[in-house]
Amino acid sequence: MRTAKICLAGAAAAAMVGVLAAPAAAAPTDTTTTTFEVLVGTLDIDAPAAADLGDGAPGGTITGQLGTVTVTDSRGATNASWVASVTATVFQTGGASPPETILPEEINYWSGPSTASTGDGTLTPGQAAAGDADPLSSVTPLTAFTHSGGTGGNTASWNPTLVVNVPLDSIAGVYTGTVTHSVA
């Protein structure tokens, strides 16, 4: 009898191992909690860090391009309008005496046409042609480019030209100032 009980216990143990080793049945459905984040869009402008317009003589002009200026609108607005404007500081050399100073009003700005754009809406240059160039100011912003209407994101790039009307009494030197683009 004892042999029968051992055999029966061995058979039961083998059966349990067989049950435990069987593959698990898959659930008919399962869920995954999923998250993502929508960030606040921004309206940004990017301009070159430095530009060299070249050289010229007193009483002449110095003409050069600043490099590409780009507005990126990722606000996703239903009205994606914006205005980019530009101002400038006084340009000076040496000790900044009057003959070592060129005022922003003696420098004309010409945005020219868009060099690249995305999105919808209407892009309008502030100064479409060279003959439309306007003097800069340190006080009153000059419109460089506008975007009106459209929805969602958009970008616009242009390569503005500066025309420096060098005063007759300007002395020789490297004149330095700042041209600032902003967008709102």
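Everything below is about the structure printed above this text.
Each value, and the rule that gives it
- Residues numbered from 1 in each chain as written.
- Predicted model: local features only at pLDDT ≥ 70, side-chain atom pairs only at ≥ 80, totals over all residues.
- Heavy atoms only, no water.
- Helix = DSSP H or I, 4+ residues; strand = E, 2+ residues; numbered from the N terminus.
- Buried < 20%, exposed > 50% of the residue type's maximum accessible area, 1.4 Å probe, protein only.
- Areas by Shrake-Rupley, 256 points an atom, 1.4 Å probe, with all protein chains shown as cover.
- Pairing = 2+ DSSP bridges.
- Phe/Tyr/Trp six-rings, centres within 6.5 Å; stacked < 30°, edge-to-face > 60°.
- Axes fitted to C-alpha atoms, helices over the stretch in contact; angles between N-to-C directions.

Participant: Explain the overall build of the protein here, please?
Facilitator: Across its full length, the protein carries one helix and 14 strands. Taking all 184 residues of the protein together, 26% fall into the buried category. Put simply, the protein shows about 11,200 Å² of open surface, and 60% of that area lies on carbon and sulfur atoms.

Participant: Could you clarify how one ought to interpret the sheet that holds strand 13 (residues 161-165) in this entry?
Facilitator: Where strands meet in a sheet, backbone hydrogen bonds hold them as pairs that are either parallel or antiparallel. Ordered in space as 2-13-7-10, the four strands form an open sheet in which the pairing is antiparallel. Of all the strands in the sheet, the pair left with one neighbour each is strand 2 (61-65) and strand 10 (134-135).

Participant: What is the right way to read the packing of aromatic side chains from this model?
Facilitator: Counted under the stated rule, the structure contains one aromatic pair. Each ring, one from F145 and one from W158, has its centre 4.7 Å from the other, and the planes form 20°; the classification is stacked. Taken together, the residues span a long stretch of sequence, with F145 in strand 11 (residues 142-148) and W158 in strand 12 (residues 154-158) at a distance of 13 residues. Each of the two residues, F145 as well as W158, counts as buried.

Participant: What exactly am I supposed to notice about unusual backbone geometry here?
Facilitator: Peptide bonds are, in most cases, trans, and in most cases residues other than glycine have a negative phi. Its identity as a non-glycine residue notwithstanding, A96 has a phi of 65°, on the positive side. Mapped onto the elements, A96 comes out in the loop between strand 5 (91-92) and strand 6 (101-102).

Participant: Before we go on, may I ask you to explain the pairing of strand 2 in this structure?
Facilitator: The side chains of a regular strand alternate, residue by residue, between the two faces of the sheet. Residues I62 and G64 point to one face of strand 2 and are all buried, whereas T61, T63 and Q65, pointing to the other face, are not buried. Both strand 2 and strand 13 contribute to a ladder of five bridges, which runs antiparallel. Each bridged residue has a counterpart across the sheet, and for Q65 the counterpart in strand 13 is T161.

Participant: So what exactly am I meant to see when it comes to the sheet that holds strand 1 (residues 43-46) here?
Facilitator: Here we have four strands laid out as an open sheet, ordered 1-3-12-8, and antiparallel in their pairing. Looking at the sheet topology across the chains shown, the edges are occupied by strand 1 and strand 8 (116-118). Neighbour-to-neighbour, the strand axes of the sheet open up by a mean angle of 10°, direction not taken into account. Summarising the sheet, strand 8 and strand 12 pair through three bridges and their orientation is antiparallel. Across the sheet, the residue bridging to A116 is S157, located in strand 12.

Distances and angles like these do not, on their own, reveal function.
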